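# Inside the fold
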Amino acid sequence: MANIALTNVTKCYVTASGSRVTAVNGVSLSIDAGAFVCVVGQSGCGKSTLLRLIAGLEGPTSGRVQKLDSAKNGRIGFVFQGSGVFPWRTVQANLSYAAECIGATHEERARQATELCELVGLAPADVLKKYPRELSGGEERRVAIGMALSTGASLLLFDEATSQLDYVNKLRLQKMISGLWVARKPTIVYVTHDIEEALILGAQVVVMHKGSVLDTMEVPFPFPRADSFSASREFISLKQRILSSLTGHV
């Protein structure tokens, strides 16, 4: 059953000079509950705008975006590109912010922060008292993901979550996100410009170019995926299919 349905969605902006820019153009897409969908394409192709439309942060110029999450709670967690954490709050205060907003006790907030810390692969004793400026880039990204999970969201949206990380930390974060999906099965829509990342993480990949969907493909390999997966013939074939689709429209 579809969890998210986009029907002929178009999003246009008017620039400061008065010209009209079409960021998303006639996109129709159906995302099932519990799916892991990666949206891949070059910078400026409309990926992040599509994500914001799904989140409800922006409305379409035309068409319809429906979230049909009747089986779960309908909450959304958004991991924004860049930091996404409050720099003036400790890791514990960041991770317990959602609980604080609904009036949870100090003990409940502390317990949630510890649980979220462990869930995203951080050692509570090492990081809870620290401020974001004292963390590595990978640690800060994990805190941002913990914040997205803190409301019990059944829909997680990621915007270039690993783009600012070094290669090793990028791989570690990919494994953490993949493991999180296997364990909890939230619906995930993950935007990236990295073709290999899209194939490593996604069960389905949507290829975008200039606001339109060029291709949608299944990545029919079980989770968790072995480190050797990206060297397999099947992986290389899918990568070439995406590259051919994108380069054929340059």
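All values reported here derive from a predicted model rather than from experimental measurement.

Rules used throughout
- Residues numbered from 1 in each chain as written.
- Predicted model: local features only at pLDDT ≥ 70, side-chain atom pairs only at ≥ 80, totals over all residues.
- Heavy atoms only, no water.
- Core = buried A, V, L, I, M, F, W, Y, C linked by side-chain atoms within 4.5 Å.
- Buried < 20%, exposed > 50% of the residue type's maximum accessible area, 1.4 Å probe, protein only.
- Helix = DSSP H or I, 4+ residues; strand = E, 2+ residues; numbered from the N terminus.
- Salt bridge = Lys/Arg side-chain N within 4 Å of Asp/Glu carboxyl O.
- Pairing = 2+ DSSP bridges.
- Axes fitted to C-alpha atoms, helices over the stretch in contact; angles between N-to-C directions.
- Contact = heavy atoms within 4.5 Å.
- Patch = residues over 30% accessible without salt bridge, like charges linked within 9 Å, V, L, I, M, F, W, Y side chains within 5 Å.
- Areas by Shrake-Rupley, 256 points an atom, 1.4 Å probe, with all protein chains shown as cover.
- Phe/Tyr/Trp six-rings, centres within 6.5 Å; stacked < 30°, edge-to-face > 60°.
- Lys NZ or Arg CZ within 6 Å of the ring centre and 35° of its normal.

### Quick notes on the nonpolar core
Ranked by internal contacts, the top residues of the largest apolar core, which has 46 residues, are Leu95, Ile145, Phe158, Tyr190, Val205 and Ile242. When residues in this core are grouped by element, the largest group, 6 residues, is from helix H6 (residues 137-149). With 23 residues, the next largest nonpolar core counts Val37, Leu155, Leu157 and Val206 among its residues.

### Structural notes on the pattern of salt bridges
On inspection of all chains with the given rule, the structure shows 6 salt bridges. In this structure, Arg52 engages Glu58 in a salt bridge whose closest nitrogen and oxygen atoms are separated by 2.9 Å. Overall, the relative accessible area of 30% leaves Arg52 in the partly exposed class. Across the salt bridge formed by Glu100 and Arg89, the nearest N and O atoms sit 2.6 Å from each other. Taken as a pair, Glu100 in helix H3 (residues 97-101) and Arg89 in the loop between strand E5 (76-79) and helix H2 (91-95) lie far apart in primary sequence, 11 residues in all. Taking relative accessible area as the criterion, Arg89 reaches 14% and is therefore assigned buried. Linked by salt bridges that have partners in common, Lys11, Arg52 and Glu58 make up one network.

### As for the sheet that holds strand E9 (residues 212-218)
Read across the open sheet, the 6 strands follow the order E5-E6-E7-E3-E8-E9; overall the sheet is mixed. The sheet is open, and its two borders are formed by E5 and E9, each paired with just one other strand. Put simply, the sheet's adjacent strands are angled 15° from each other on average, direction ignored. Taken together, the 4 bridges between E5 and strand E6 (residues 155-159) define a ladder with parallel strand orientation. Residue pairing in the sheet places Val79 in a bridge with Phe158 of E6. In the packing of H6 onto the sheet, the strands contacted are E5 and E6, and the crossing angle to E5 comes to about 165°.

### Concerning a nonpolar patch on the surface
A contiguous nonpolar surface patch, about 300 Å² in accessible area, is contributed by Tyr167, Val168 and Leu171. Tracing the backbone shows Val168 in helix H7 (residues 167-184). Judged by its relative accessible area of 43%, Val168 is partly exposed.

### Describing the packing of aromatic side chains
Taken as a whole and judged by the stated rule, the model has 9 aromatic pairs. Between Phe86 and Trp88, the aromatic rings sit 5.2 Å apart at their centres with planes inclined by 35°, giving tilted as the arrangement. Trp88 sits in the exposed class, given a relative accessible area of 60%. Here the aromatic cluster, defined as three or more aromatic residues joined through ring pairs, consists of Phe36, Phe158, Trp181, Tyr190 and Phe223. Lying across the ring of Tyr131, Arg133 places its NZ or CZ 4.8 Å from the centre. Its end group placed over the ring of Trp181, Lys185 keeps NZ or CZ at 4.3 Å from the ring centre.

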